[in-house]
Amino acid sequence: MLVSGFMVPLTKAFKCEASNTVREVLNLLMDNHVSSLVIVLDDKPTGIVTKTDMCWCYHNGIPLESQVGDVMPWTSGIKRVKSTMDRDNAAKFFEKNKLHHALVEDGDGKLVGLISALDIAFEVAKDARAWPWNRHEDGRVHQIASH
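Described in the following lines is the structure provided in the data block. Just so it is clear, the structure is predicted and the values come from calculations on it, not from any experiment. (Residues numbered from 1 in each chain as written. Predicted model: local features only at pLDDT ≥ 70, side-chain atom pairs only at ≥ 80, totals over all residues. Heavy atoms only, no water.)

## Here's the deal with the sheet that holds strand S5 (residues 80-82)
Part 1 of the reasoning: Overall, mixed pairing links the four strands, which are arranged S1-S7-S6-S5 in an open sheet. Bordering the open sheet on either side are strand S1 (8-9) and S5, each of which pairs with just one other strand.
Part 2 of the reasoning: Direction of pairing for strand S6 (residues 101-105) relative to strand S7 (residues 111-116): antiparallel, over a ladder of five bridges. Across the sheet, His101 pairs through a bridge with Ser116, a residue of S7. (Pairing = 2+ DSSP bridges. Helix = DSSP H or I, 4+ residues; strand = E, 2+ residues; numbered from the N terminus.)

What follows is the structure in structure tokens.
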């Protein structure tokens, strides 16, 4: 299964602006029952903010009215995975980089989605339930050919 088959497309991902306050971001995360938001600037995705980041803000006494863009390193070091990467290599990427979320880019470097470690776990569980069928890279289930 390729990342493109189970990522959240950028058009469906929840977003916030760098100018949103920590309070607004917390409300967006909680109201929408998501663990991350794509940060956009001038309608272009530039990073991710997560519940873990919000815990960091709380732990460090960041005021709730602070702008997320002022307290988060959201423009540098954002890790990306390729949409053509398979699920297992995406899992290795997350493990190596100690990540829970990443932006997804296509072959041209254009950001096209968002993926989380939980998305990968769900895909592994789907494969386990599919037996004696086989899931193709596109996510569709096919019967395993007998010899």
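On we go.
## Describing the pattern of salt bridges
Part 1 of the reasoning: Inspection of every chain in the model, using the stated rule, returns five salt bridges.
Part 2 of the reasoning: For Glu65, the salt bridge goes to Arg23, with nearest N and O atoms at 2.6 Å. Here Glu65, found in the loop between helix H2 (51-59) and helix H3 (68-71), pairs with Arg23, found in helix H1 (residues 22-31); they are 42 residues apart in sequence, far enough to count as distant.
Part 3 of the reasoning: Among the ionic pairs, Arg87 bridges to Asp88, the shortest N-O distance being 3.2 Å.
Part 4 of the reasoning: A residue is classified by how much of its surface remains accessible, and Arg87, at 12% relative accessible area, is buried.
Part 5 of the reasoning: Through salt bridges that share partners, Arg80, Lys82 and Glu105 make up one connected network. (Salt bridge = Lys/Arg side-chain N within 4 Å of Asp/Glu carboxyl O. Buried < 20%, exposed > 50% of the residue type's maximum accessible area, 1.4 Å probe, protein only.)

In short, the description is geometric, and any link to function would need to be established separately.
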